[in-house]
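Per-entry structural report
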Amino acid sequence: MAFSKEYTHWHLTPGGWIVGDARTDFSNFFDAPIPDNRVLTIVYEEIMSSPFSGLVKSEEIIYEIDDKNLIKELREKFPKDLYISTPE
């Protein structure tokens, strides 16, 4: 079991990034509905295996539509740095 495992699901829509489900170590689980108009969903994770190890950050695409041109257009319009934050 990891010492710390936090994650946030981020959904890209035509209006920008929308926060989805999230889990942080020192707060309640954040449950959010999946937007009907999402084109891409990414899970962003931060894992620390022990108090003495470094923090490992990763992101994984867990859903995407077939229209890769639309995804590319929206990712350029809404850069990924905008979604790397934890919901309050």
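Use the structure listed above.
First, a word on what this report is: a plain description of the structure on this page.

Conventions and cut-offs
- Residues numbered from 1 in each chain as written.
- Predicted model: local features only at pLDDT ≥ 70, side-chain atom pairs only at ≥ 80, totals over all residues.
- Heavy atoms only, no water.
- Salt bridge = Lys/Arg side-chain N within 4 Å of Asp/Glu carboxyl O.
- Helix = DSSP H or I, 4+ residues; strand = E, 2+ residues; numbered from the N terminus.
- Buried < 20%, exposed > 50% of the residue type's maximum accessible area, 1.4 Å probe, protein only.
- Core = buried A, V, L, I, M, F, W, Y, C linked by side-chain atoms within 4.5 Å.
- Pairing = 2+ DSSP bridges.
- Axes fitted to C-alpha atoms, helices over the stretch in contact; angles between N-to-C directions.

1. Points about the pattern of salt bridges
Within this structure, the stated rule accounts for 3 salt bridges. With a closest N to O distance of 3.9 Å, Lys5 and Glu45 form a salt bridge. Of this pair, Lys5 sits in strand β1 (residues 4–13) while Glu45 sits in strand β3 (residues 40–48), and the two are 40 residues apart along the sequence. Classification of Glu45 as buried rests on a relative accessible area of 19%. For Glu64, the salt bridge goes to Lys68, with nearest N and O atoms at 3.5 Å. Judged by relative accessible area, Lys68 falls into the partly exposed class, the value being 43%.

2. What to know about the nonpolar core
Core analysis: the largest hydrophobic core is formed by 10 residues, namely Trp10, Leu12, Trp17, Val39, Leu40, Ile42, Tyr44, Ile71, Leu74 and Phe78. For this core, the elements supplying multiple residues, two or more each, are β1, β3 and α1 (68–77). In terms of residues, this core owes the most to one element, β3, which gives 3 residues.

3. Let's talk about the sheet that holds β3
Sheet strands line up and pair through hydrogen bonds in the backbone, either parallel or antiparallel. Taking strand neighbours across the sheet as the criterion, the 4 strands line up as β2-β1-β3-β4 in an open arrangement whose pairing is antiparallel. Edge strands, defined here as strands with exactly one partner in the open sheet, are β2 (16–23) and β4 (56–64). Pairwise comparison of adjacent strand axes, ignoring direction, gives a mean angle of 20° for this sheet. Note: β3 against β4, 8 bridges, orientation antiparallel. Paired with Glu46 across the two strands is Lys57, which belongs to β4.

4. Brief notes about the pairing of β2
Alignment of β1 against β2, held across 6 bridges, turns out to be antiparallel. Its bridge partner lying in β2, Tyr7 is registered against Arg23. Connecting the antiparallel pair β1 and β2 is a turn made up of 2 residues.

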